[in-house]
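As a plain string of letters, each chain reads:
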Amino acid sequence: MLRLFRSKIYLALFMVSFVLLIGVLGYRYIADYTWVEALYMTVITVSTVGFKEVRPLSTHEQLFTVVLITASIFIFAFAISVVTEYILSRNSLQLLKKKKVKQKIVGLENHVIVCGYGRNGAQASARLKAYDRPFVVIEKDKDIIEKHEEETLFVEGDANEDQVLLAAGVDRAKYLITTLPEDAANLFVVLSAHQLNKNLFIISRASQITSQRKLLLAGANKVIMPDKIGGDHMASLVVLPDLITFMDKLSMEGEHTTNLEEVHIEDFTNQMNCNTLRDLDLRRKTGCTIIGYVKPDGTYIINPEADMPLEPKSKVIVLGRADQIRKLNEMFHLN
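As the structure is a prediction and not an experimental result, all values here were calculated from the model. (Residues numbered from 1 in each chain as written. Predicted model: local features only at pLDDT ≥ 70, side-chain atom pairs only at ≥ 80, totals over all residues. Heavy atoms only, no water.)

**Structural notes on the side chain of Thr 286**
Stated precisely, the cut-off is as follows: Segments assigned H or I by DSSP are reported as helices when at least four residues long, segments assigned E as strands when at least two residues long, and all are numbered from the N terminus. Any N or O atom pair separated by 3.5 Å or less is treated as a polar contact, with the protein-specific requirement of one donor-capable and one acceptor-capable atom, and with residues adjacent in sequence counted only for side-chain atom pairs. Every residue pair with non-hydrogen atoms within 4.5 Å of one another is taken to be in contact.
Positionally, Thr 286 belongs in helix H13 (residues 282-286). Of the polar contacts made by the side chain of Thr 286, one reaches the backbone oxygen of Leu 282; its length is 2.8 Å. Those residues within four positions of Thr 286 in sequence are excluded, and the remaining contacts are Gln 324, Lys 327, Leu 328 and Met 331.

Written out as structure tokens, the structure is:
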């Protein structure tokens, strides 16, 4: 709809420019005015301000002026109506979009809130989208919102403000990721979010090592330092290049495919009788391999034994190719 209005605006601008050009050319060649006099006569005629003519007009010049005034009235009226309609429609569409977004956010539960849509925020959002996890982004830059609002849910505002966090559904959310560039801003977000939802799992970005402890004390469950991770990663590419490249491929084979999956034990036990990892027999059924086991208390076991007993509320980390992971998801209805 906005494209239609833009095309009308271009048409209106063309018609206004055309009538001004005709007026200047007409007074220049019909009335034999100078270019400046022709421009002056055109402007005072089409604007109907009523200033004095350069000199008395002849019959032909008067007829030309009548035609120019009549044409300019209709053209300028059309131009004003198009611009007014465009402004009103744009405001109405924006209000409609905001209302639609608000309704979608109200319907979300156990979702993820991402604070800031910079480099780290955009990467986090892309990852969440690849895993089909519902999320909302809080961003105060209108240009960024307008650029990405078609594929992402945005709440416009400052993430430090409680009302903005509540608008993003912080009281119903399960996770919050704050990726603001300044550690102090992230600290305020962590404090506010933790007060609004005590059960919220908060992941914060940090630039300084000294900020790490403060963010944890404020309520952050995990603190990530992208610069440190990036430096370690680059050094590892020198020391262990093939291993690091292999690990990169494990996490993301393509844009929307993953080679690693985290599965709750209940997803298996509710559908089959199994007491140990051997009973699951995922290798034969799906081709996937269990490379990790997470106990209910959070203890991680790498490459667990086949006879390890399955405990309630535990998880398994599964490795497989994209087609094998897809087969696992379909077999146990994980997605």
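**What to know about the sheet that holds strand E7 (residues 260-264)**
To keep it simple, the criterion reads: Think of it this way: DSSP has to see at least two bridges between two strands before they count as a pair. To obtain each axis, a line is fitted to C-alpha atoms, and for helices this fit is confined to the stretch in contact; angles are then taken between N-to-C directions over 0 to 180 degrees.
Strand order in the open sheet made by the four strands is E7-E10-E8-E9, with antiparallel pairing throughout. Here the strands that pair on one side only, and so sit at the sheet edges, are E7 and strand E9 (300-302). The sheet shows a mean angle of 25 degrees between the axes of neighbouring strands, taken without regard to direction. Where strand E8 (residues 289-294) lies against E9, three bridges are found, and the strand directions are antiparallel.

**Notes on the pairing of strand E10 (residues 315-319)**
If a strand is regular, its side chains alternate between the two faces of the sheet. Selection rule: The rule is simple: take the accessible area with a 1.4 Å probe, protein chains only, and divide by the maximum for that residue type; under 20% is buried, over 50% is exposed, in between is partly exposed.
Burial along E10 is one-sided: the face carrying Val 316 and Val 318 is buried and the face carrying Lys 315, Ile 317 and Leu 319 is not. For E7 and E10, the ladder comprises five bridges, and the chain directions are antiparallel. Bridged to Leu 260 within E10 is Leu 319. The pairing of E8 with E10 spans five bridges and is antiparallel.

**Here's the deal with the packing of aromatic side chains**
The condition that has to hold: Each Phe, Tyr or Trp ring (for Trp, its six-membered ring) is paired with any other whose centre lies within 6.5 Å, and the angle between the two planes then decides the class: stacked below 30 degrees, edge-to-face above 60, tilted in between.
For the structure on display, the rule yields seven aromatic pairs. Relative to Phe 64, the ring of Tyr 27 lies with its centre 5.2 Å away and its plane at 90 degrees, an arrangement referred to as edge-to-face. Remark: Phe 64 occurs in helix H3 (residues 59-106) and Tyr 27 occurs in helix H1 (residues 2-29); sequence separation between them is 37 residues. In terms of burial, Tyr 27 and Phe 64 fall into one category: buried. When the ring of Tyr 117 is compared with that of Phe 154, the centres are 5.3 Å apart and the planes differ by 75 degrees; the resulting orientation is edge-to-face. Separated by 37 residues along the polypeptide, Tyr 117 in the loop between strand E1 (112-115) and helix H4 (119-130) and Phe 154 in strand E3 (residues 154-156) bring together distant segments of the chain.

**Quick word on the sheet that holds strand E6 (residues 222-224)**
Pairing is parallel in the open sheet, where six strands are placed in the order E3-E2-E1-E4-E5-E6. Two strands in the sheet have a free side with no partner beyond their single neighbour: E3 and E6. The average angle at which neighbouring strand axes cross in this sheet is 20 degrees, direction not considered. As defined by bridge partners, E1 adjoins strand E2 (residues 135-139) across four bridges and the pair is classed as parallel. Across the sheet, the residue bridging to Val 112 is Phe 135, located in E2.

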